[in-house]
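Spelled out from the first residue to the last, the chains are:
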Amino acid sequence: MASTIPDPRPGAHGAHAAPPDTERAGRVEVHGIDHIPDAERHGRPRELFSVWAAANVNYLSLVIGGALVLMGLSLWQALAVIVVGNLFWLLTGVLAMSGPAAGAPSEVITRAMYGVRGNRVNNAVTGWTISVCYFALNLAAAASAAFALVAKTGLPTNTVVKTAVVLVIAAVTLTISVYGHALIVKLYLPITLALAAAFGVVAYAVLLHADFGYAPEGRLAGTDLWATLLAGVTLIAAGPLSYTTSADFSRYLPRTTSSRAVMGWTALGGFLPSVLVCSLGALAATAVDMTDPQSALEEILPGWFTPVFLLALVLGTIAINALTAYSAGLALQAVGIRIRRSLSVIVDGAVASGLTLYALLVSNFLDTVSNVLQLTVVLLGPATALYATDMALRRNRYDGPALMDESPTSPFWYSAGVGLPGALALGAGVASAALCVNTLYTGPIAAALGGIDLALPVGIVVTSACYALLRLGSGRPSGQ
C-alpha cells in the first residue's frame, strides 16, 4: 500500500535530511493540522521505534498484565493473551503509513472517510473524548506512583498534596506535548534506554520470585475460560487500538519513505515493550498480590531501587501521555475549533487533570481502567478497521493539500459534508459490537453466548466489510 505520488521538487529532501529550522527540539512546533510541505519533511522510519517504545514501558502495562492473572487465567494463558492482544500493534503500524503519504495527521486524513463535516464528529468522539479519557487514566497511574514517592520523603499525602502532584506531572507532560514532534523524537530515545534499564532490574527481581507453573486453584473451563480469554485479549488490544492517530508521528517523514519501514518500526516499537512489560505484570502476579501493583512489587524489589522504580513509573507514563495529549490537541483543532495547537494541548490537559482527580479521589482505579479499556474497543475497533480498509481501497494514496480544503467545493465534501459510506459502516460496526459486549453491561448476543464478548472481532469484520461494499458500490474513484 505504498504511496505512488511523486515528489515534484528537484533535489527533494531524502530520509537523511536534517530537520529545518521550523522543526527543532528547542522550539514550539509551528504546525497543527496543516499539511507538512515537502521541504520540511525529514527523519528516518527507525526513529518511530523509540517514540512508541518509550510510551509502552509504563505502569499501566504492569497493571493490565497482573489483571489477567487476577481474572483467573493461568500464567501461560495470560502470556498467550498478552501476545495475541498486542498483535493489534500491526494495525497501528498500518495506519502510520498514511502519514508520509498525505503529509497530514490522522485527524485530517479521516476526512477522506467521513467527509469534512462528518469527520468533525469523528474527531470529537474517537479523537478527542477517548484521548482525554486515556490521558486521565495514565495520569492517575503516574500519580499513584508519585504519591508513594512523596510519602517516602515524610510529607503527608493528603488531598492538597495529591492535587499538587497530579498538576505537576500534567505540567511536565504538557510541556513535551506543546513543544511537539521534534522534542518527542529527540527525547524518546534516551527515555527508552532509561526505562529499559530500570525495568531490567524489575524483571530480574520478578523472575527470581515468579512461579512459572502457576495456575489458579479453581481453573476456568468451557464458556467461562473462553469468555475470560477474549476479555483479556480485548483489554490488551485496547492499547494499540487507541492509537488510530499513529500518522501524527510519521507525517514529517519524506513521502518517499518506505511504507513497510514505517509500519514495521511503529508496530515493533509498540509490540515489543508492551509484551515484555505486560508479561512482567503477569509473572509478578504469580508471586505477589497485584491488586495493588505498586506496593506489591516493592516487596520483591531491592530497597535502594524502590525510589528509582517509582520514578520510572512516572517517567513512562509521562511519555505515553505526551503522545496522547499531542494527538488530542490535533483532534480539538480538527473538530473545527480555531485554536493554536499549543493552546489546545493545554485545554486537553486541564480536562484530563480534572478527570484524574475524580478517578483517584472518588472511584476505584483498577475497576475504572478495566471497564474503560474494554468498553472503548466498541468504537475503536470499528474506527481502526474502517481507516485501514480505506487505506487498502485507495492504495494509501492521499492528496494532502486537497484534504486541507474544508469548503463545499472540497473533493471530500461528499453529501452535505458527510461521507455516507464511512458514517454508515462505522455505525453498523459499532452497533454490532455493542450487541456483543460484556463489560459495563452485557449485550444480548454476549448474554446468549454465556458472557463471551465478541465485540472486538465482530466490530472489525462488520465495519470493514460494510465500508468496502459501500465504497465499491458507490462507484467512486480510488482518490475520492
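Residues numbered from 1 in each chain as written. Predicted model: local features only at pLDDT ≥ 70, side-chain atom pairs only at ≥ 80, totals over all residues. Heavy atoms only, no water.

Another aspect to go through is helix H18 (residues 420–436). Helix length check: H18 (17 residues) gives 24 Å between terminal C-alpha atoms against 24 Å at 1.5 Å per residue, within 8%. Turning to H18, its buried residues number three or more, namely Pro421, Gly422, Ala425, Leu426, Gly429, Ser432, Ala433 and Cys436. On an axial view of H18, the arc spanned by its buried residues comes to 135 degrees, and they lie on one face. (Helix = DSSP H or I, 4+ residues; strand = E, 2+ residues; numbered from the N terminus. Expected span 1.5 Å × (residues − 1). Buried < 20%, exposed > 50% of the residue type's maximum accessible area, 1.4 Å probe, protein only. Arc of directions from axis to C-beta.)

We now examine the environment of glycine 427. By the secondary structure assignment, glycine 427 is in helix H18. Classification of glycine 427 by relative accessible area gives partly exposed; the value is 38%. With 94 residues separating them along the chain, glycine 427 and glutamine 333 place their C-alpha atoms 24 Å apart.

With that out of the way, let us pick up the packing of aromatic side chains. A full pass over the atoms with the stated rule returns 9 aromatic pairs. Taking 6.3 Å as the distance between ring centres and 85 degrees as the angle between the ring planes, the aromatic pair formed by phenylalanine 412 and tyrosine 414 counts as edge-to-face. As far as the burial class goes, phenylalanine 412 and tyrosine 414 line up, both buried. Feature note: the residues Trp52, Trp89, Tyr243, Phe249 and Tyr326 constitute an aromatic cluster, connected by ring pairs. (Phe/Tyr/Trp six-rings, centres within 6.5 Å; stacked < 30°, edge-to-face > 60°.)

A few words on the packing of helix H1 (residues 47–54) against helix H12 (residues 259–284). Where H1 meets H12, the closest approach of the two axes is 7 Å, and the angle between their N-to-C directions is 25 degrees. Taken together, the axes of H1 and H12 are roughly parallel relative to one another. The crossing of H1 and H12 is right-handed. Facing Leu48, Phe49, Trp52 and Ala53 of H1, the residues of H12 in contact are Val262, Trp265, Thr266, Leu268, Gly269, Gly270, Leu272 and Pro273. Split by residue class, the contact of H1 with H12 holds 9 nonpolar, 3 polar and no charged. (Axes fitted to C-alpha atoms, helices over the stretch in contact; angles between N-to-C directions. Parallel < 35°, antiparallel > 145°, perpendicular 65-115°, else oblique. Left-handed = near helix turned anticlockwise from the far one by under 90°. Contact = heavy atoms within 4.5 Å. Nonpolar A, V, L, I, M, F, W, Y, C, P; charged D, E, K, R; others polar.)

Attention shifts here to unusual backbone geometry. For tyrosine 414, which is not a glycine, the phi torsion comes out positive at approximately 55 degrees. Along the chain, the position of tyrosine 414 falls in the loop between helix H17 (400–403) and H18. The backbone of alanine 416 shows a phi angle near 55 degrees, a positive value even though the residue is not glycine. Checked against the element boundaries, alanine 416 lands in the loop between H17 and H18. Residue classification places alanine 416 among the exposed positions, given a relative accessible area of 53%.

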